[in-house]
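Topology and contacts: notes
Each chain, written out:
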Amino acid sequence: MNQVKFKNYKKAVFLDRDGVINKDIGYLYKIEEFQWIEGAIEALKLLKKNNFLIIIISNQSGVSRGYFSKEDVIKLHKWINFELKKHNIQIDDFFFSTELPVKNLTPVRRKPSPKMLNEAIEKYNLDRKDCFMVGDKKTDLIAAKNAKIDCFLFKGGNLSYKIKKILKDHLD
């Protein structure tokens, strides 16, 4: 009897970091300054319950500006997952760009370039139709459009409510 192998892919949500899962205070790298967005932990739990891979896609130009190091960013990301483990969840991966804003998007990873999204899609063998992004800026929308995935704008409030609405209205 022949066995058919099915394509192994997961559905994924890409989240901007500052302004979506945590308050955007500008050039955040200190653990003591991190503040969860209202409903962020509940939103992450809901995404995990619905079998989504959770990936952060974030511009961190503070590294290139000399405000903090790449290691500071990685340390904060490790701490975020340490805190989330208390709730039995985690963010599956973090992709971040340290580049300064530029006009030519071709060689850069920084959003609005889709490069970080495309890297994640390739790394995890994702099907674009089963992925979406939640961002708080026009650059997030452009990056998602250029990566050929849906994107939803989050302009504050309770992230859990936004994720529930996205799952109900767009992904049924």
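Here's what I pulled together on the structure shown here.

1. As for the overall build of the protein chain
- Along the protein chain, the regular secondary structure elements total 5 helices and 5 strands.
- What you see for the protein chain is a C-alpha radius of gyration of 16 Å, in line with the 16 Å of a compact globule of 172 residues.
- The long-range fraction of contacts in the protein chain, counting pairs at least 24 apart against all pairs at least 6 apart in sequence, stands at 67%.
- Treating the 33 positive side-chain charges of the protein chain as one cloud and the 22 negative ones as another, the clouds have centres 3 Å apart.

2. Some remarks on helix H5 (residues 159–170)
- The end-to-end C-alpha separation of H5 is 16 Å, in line with the 16 Å expected for 12 residues at 1.5 Å each.
- Among all positions in H5, only Leu159, Ser160, Ile163, Ile166 and Leu167 are buried. Buried residues of H5, seen end-on, are gathered within an arc of 125° and therefore sit on one face of the element. Among the exposed residues of H5, those pointing more than 90 degrees away from its buried face are Tyr161, Lys165 and Lys168.
- Packing partners of the buried residues in H5 comprise helix H1 (40–49), strand E2 (52–59), strand E4 (131–135) and strand E5 (150–153).
- Of the residues flanking the start of H5, the one acting as N-cap is Asn158, its side-chain oxygen 2.8 Å from the backbone nitrogen of Ser160.

3. Digging into helix H3 (residues 115–123)
- Listed as buried for H3 are Met116, Leu117, Ala120 and Ile121. Burial along H3 is one-sided: seen end-on, the buried residues are contained in an arc of 135°. Along H3, exposed side chains directed more than 90 degrees from the buried face belong to Glu122 and Lys123.
- Next to the buried residues of H3 lie strand E1 (11–15), E2, strand E3 (93–97), E4 and helix H4 (138–146).
- Looking one or two residues beyond H3, the residue adopting positive phi is Asn125, at roughly 55°.

Rules used in this analysis
Residues numbered from 1 in each chain as written. Predicted model: local features only at pLDDT ≥ 70, side-chain atom pairs only at ≥ 80, totals over all residues. Heavy atoms only, no water. Helix = DSSP H or I, 4+ residues; strand = E, 2+ residues; numbered from the N terminus. Rg over C-alpha atoms; globule rule 2.2 N^0.38 Å. Contact = heavy atoms within 4.5 Å. Lys, Arg positive; Asp, Glu negative; His and termini not counted. Charge placed at Lys NZ, Arg CZ, Asp CG, Glu CD. Expected span 1.5 Å × (residues − 1). Buried < 20%, exposed > 50% of the residue type's maximum accessible area, 1.4 Å probe, protein only. Arc of directions from axis to C-beta. Polar contact = N/O pair within 3.5 Å; in protein donor to acceptor, adjacent residues only side chain to side chain.

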